[in-house]
Amino acid sequence: MNGHLSHTEAQRFLAAIVTAEISRIRAERYAEPLDQSPSDWIARASSERVRRAAMEIVSARGTAAILLAHDERRLWEEGYDPEEIAAVGQELGRLVDWIACPKQRAEVERATLQTIGRHPSDDRETRLLQCLHLSGQAEALSTMDRVRATGPMISPGVGIREGNIGRATGLGGTASSLSLTSPNGARASVAPMSDADTPGGGAWSEGSRAIPGPQPCEVNSSKTVIRAVPEARDDREFLSQIADAMIGKLFPPATTDAAEKSVAKDRRQTRQVLAQFIEITGDKPMCDLTQADCGHYVDTLACLPKVYGRSKADRDRSISELIERGEDLPDDEVGLAANTINRNIGHLQKLLKYARGRGMRPAEDLYLSDLRATDRRDARSVREPFTEEDLAALSRHTVWKGCQSAGRRNLPGCEIIQDGLYWGPLLAAYSGARREELMGMKLAEVNDSGPIPFLRLQPNGNRRLKNPAAERDIPLHRRLIDLGLLEYVARLRIEGEVDLFPELAPKSVNETFGGNLYKKWTESKNCVLGDGGRRKTFHSFRHTVVTRLRHDPNIPKLFVTTLVGHTPHGETDGRYTKKVDLAKLTEVVNSLPDWF
């Protein structure tokens, strides 16, 4: 490959052109007259063949393209008649003019940024991209050959596979909509082309951007000979279909609402990650997947904003648009976290394992472990613990000292509202438990019938637990009892509630109890700590408790591990140590200060 354009970048650019051009062709044909005559249909087919032949020649020779005697013989052998061969020569001149036009070069450079995330490095790379653009359009015309079509031309809004895009591109992808939707909801990263603007009849469009070009020439022929070429692609092997089948196998619909809720998050996350992978690398048969594709995917994740997809505008953006947004952000706000990248790689490994078990293998051995990211940050600095000064300031906030009303929790007043925002931080500060563990609790998990009141954390319909060690008993700190937690629980039971924090109940499959607390809690925390609390989150309560207890020489490490639900390290701790007595854990919990 000449210039600095990598093979992976060229593949992505070419796949985008093919996808967009096929969308344009489908839309154009769907709008054709219903009662066109055979001669009209043959004329259109002939015009498309002429454009395709000219694009193939110019993509190979650039501005030096002319119709040679060798080209004429080859076209004749392929079934072109003299009138069509002459039209190819005319179309070559139009396409050469398009390549030489400075305005079109600038448009190609801008469009390159949208597709591969950067501008061309020099004039040679720009010329190469222009030739790739023509090659992609020629391949799309070949894929959409009218004579080889075996089904009706349905509406362009309906997803349908057109077969393979692999002859000239080597991509082996598909030009139709993916059966998986991506994290932002898009079906393709490049919009359909406008027939009036591109070389050979299309314009590569990103939003309002397009690459103008000459109008296609017209060929009128009633005696064109066109040879059909059979398709040879097995659609069952495409990544999108393998992913759909795997998700259906691993996450089948549950028989109860509670069970469905527990598996829906994993199903949704797996689907989003694989849809994102397919959007970035292109939908293709498993046998065409390479290490370069996987490397390109991980490199792309490093260019995305750390936080995206939370707004509707973000969800509507393509990957290339998200990369462009990331270019305007500070360096510390760009690039997904190492644990997120590694989680996504884990989903890819599941896909490969599923495919391998069914006899489908990639083009080469894939070494996904080589792509795993390392979090080079000090683990203690990722989320900072609260200081005693932080906790003292939080305890004076209006949520716990008195607010104006339920809608004005951050303004001082006389009303104290005991709900998830009130109890959630208190429970975390006096237990070190995880946010979702606490906020998704059922009332049945509060055990107050014995001499030691405690929380019995166990999986339920509201949330799962992180690991087997997370299923545990947590004694209630004396301060929680003094503040009236047991009376709060008793009132809810009388009212017929089943959840500890019913006001946080999710209203859609995308919500969680803990997630519904997040915004309210963050607003209250920011009111107290301001910018100084940027790296202090709800999880900082857990960090604070663990740090405090670990530094107490009188508290065995195993007691702390048991309390916070960490998996014991080593065979001795994990297999042979007996369960820590609840009375001893009560002493550990009550060693924490009365922060609130």
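Residues numbered from 1 in each chain as written. Predicted model: local features only at pLDDT ≥ 70, side-chain atom pairs only at ≥ 80, totals over all residues. Heavy atoms only, no water.

### Considering the nonpolar core
Trp 423, Leu 427, Leu 500, Trp 521, Phe 541 and Phe 596 are the most contacted members of the largest nonpolar core, which has 53 residues in total. Element by element, the count of residues in this core is highest for helix α16 (residues 420–429), at seven residues. (Core = buried A, V, L, I, M, F, W, Y, C linked by side-chain atoms within 4.5 Å. Buried < 20%, exposed > 50% of the residue type's maximum accessible area, 1.4 Å probe, protein only. Helix = DSSP H or I, 4+ residues; strand = E, 2+ residues; numbered from the N terminus.)

### Comments concerning the pairing of strand β2 (residues 408–412)
Strand direction decides the pairing type here: strand β1 (residues 403–405) and β2, joined by two bridges, are antiparallel. Each bridged residue has a counterpart across the sheet, and for Cys 403 the counterpart in β2 is Pro 412. Taking the residues that link successive antiparallel strands as the turn, the β1-β2 hairpin has two residues. (Pairing = 2+ DSSP bridges.)

### Looking at the packing of aromatic side chains
Think of a pair of aromatic rings as described by two things: how far the centres are apart, and how the planes are tilted against each other in angle. Applying the stated criterion across every chain, the model contains 11 aromatic pairs. An angle of 55° between the planes, with centres 4.7 Å apart, marks the rings of Phe 386 and Phe 541 as tilted. You can see Phe 386 sitting in the loop between α13 (379–382) and α14 (388–395) and its partner Phe 541 sitting in helix α21 (residues 539–550), a full 155 residues away along the chain. Residue Phe 386 shares its accessibility class with Phe 541, and that shared class is buried. Members of the aromatic cluster, each reached through a chain of ring pairs, are Phe 386, Trp 521, Phe 538 and Phe 541. Taking the ring centre of Tyr 80 as reference, the NZ or CZ of Arg 49 above it sits at 4.1 Å. (Phe/Tyr/Trp six-rings, centres within 6.5 Å; stacked < 30°, edge-to-face > 60°. Lys NZ or Arg CZ within 6 Å of the ring centre and 35° of its normal.)

### Focus: helix α7 (residues 239–250)
Between its first and last C-alpha atoms α7 spans 16 Å; for 12 residues at 1.5 Å apiece the expected length is 16 Å, and the two agree. Among the residues making up α7, those that are buried are Leu 239, Ser 240, Ile 242, Ala 243, Met 246 and Ile 247. Each buried residue of α7 sits inside an arc of 160° when the element is viewed along its axis, so together they form one side. (Expected span 1.5 Å × (residues − 1). Arc of directions from axis to C-beta.)

### Remarks on empty space enclosed by the protein
This structure, assessed with the given rule, holds seven cavities of 30 Å³ or more. The space that makes up the second largest cavity amounts to roughly 70 Å³. Surrounding the second largest cavity, 11 residues form its lining, Ala 45, Glu 48, Arg 49, Asp 145 and Arg 146 being those nearest its centre. Partitioned by chemical class, the residues of the lining of the second largest cavity number five nonpolar, no polar and six charged. (1 Å grid on protein atoms, 1.4 Å probe; cavity = no way out; pocket = protein on both sides within 12 Å on 5 of 7 lines; lining within 4 Å. Points joined across faces, edges and corners; volume = space filled by probe spheres on them. Nonpolar A, V, L, I, M, F, W, Y, C, P; charged D, E, K, R; others polar.)

### A closer look at the environment of Gly 335
Take Gly 335: it is sitting in the loop between α11 (319–327) and α12 (338–356). Residue Gly 335 is classed as buried on the basis of its relative accessible area of 6%. Considered as a pair, Gly 335 and Pro 305 are 30 residues apart in the sequence and their alpha carbons are 5.7 Å apart.

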